[in-house]
Amino acid sequence: MSHMSDPRVAEHMPLLTFKWDKDALVKFIAAKEECWRRDGLGHWAILYQGTYVGWGGFQKEGSEWDFGLVLKPECFGLGQKITKKALVFAKADSRIPFITFLLPLSRTKTAALKRLGAKFIEEIELEGAVFKKYKLDTA
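Along every chain, residues carry numbers that run from 1 in the direction the sequence is written. Where totals are concerned, whole chains, interfaces and linings use all residues; where local detail is concerned, this predicted model gives features only for residues with pLDDT of at least 70, and gives and counts side-chain atom pairs only at 80 or more. Values reported for side chains reflect all heavy atoms of the structure, with hydrogen atoms and water molecules removed beforehand.

Observations regarding helix H3 (residues 22-39)
A run of DSSP states H or I qualifies as a helix once it reaches four residues; a run of E qualifies as a strand once it reaches two. Both are numbered from the N-terminal end. Given a helix with a known number of residues, its expected span is that number minus one, times 1.5 Å. The end-to-end C-alpha separation of H3 is 26 Å, in line with the 26 Å expected for 18 residues at 1.5 Å each. On the buried face of H3, the contacting elements are strand S1 (43-48), strand S2 (51-61) and strand S3 (64-71). Of the residues trailing H3, Gly-40 is marked for its positive phi of about 75°. Contact definition: two residues touch when any of their heavy atoms are within 4.5 Å.

What about unusual backbone geometry?
If you check the backbone angles, Gln-49 has positive phi at about 50° while not being a glycine. Following the sequence through the fold, Gln-49 ends up in the loop between S1 and S2. Backbone geometry places Glu-127, a non-glycine residue, at a positive phi of 50°. By the secondary structure assignment, Glu-127 is in the loop between strand S5 (119-126) and strand S6 (129-137).

Observations regarding the pairing of S2
As paired strands, S1 and S2 are joined by 6 bridges and run antiparallel to one another. Among the inter-strand pairings, Ile-46 is bridged to a residue of S2, identified as Gly-54. The criterion for strand pairing is that DSSP finds at least two bridges linking the strands in question. Here S1 hands over to S2 after 2 residues, with Gln-49 in that stretch at a positive phi of 50°. What sits between the antiparallel neighbours S2 and S3 is a turn of 2 residues, in which Gly-62 has the positive phi angle 70°.

In structure tokens form, the structure reads like this:
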């Protein structure tokens, strides 16, 4: 709860418009577990050197696999390293011909994403918030 209640995390999560409390946590975990049940893939708790640093992974958005990563603020520097490991996973999974990334407008630094080969597709609206959509082929 402390991770998701940190204002530095919420700053880049425009869909986080509610108070993060125990009820929200229970609903969040149930929704993420439902993704695993429905799609056979979802988000993971991410550990670095045995310590929880955040959560992220692949989630179906319609027919596309979206990659999301939410790190604790003191772990923001691990994003590129974690993303590269996730891309290795995606390239080995035949269900994932490409990945999308939905970045909130507050995320203005996109050079690392572009270095990975992701291409800007369009701005989209999701649940009332605007995101920049990028696509990265995994094949």
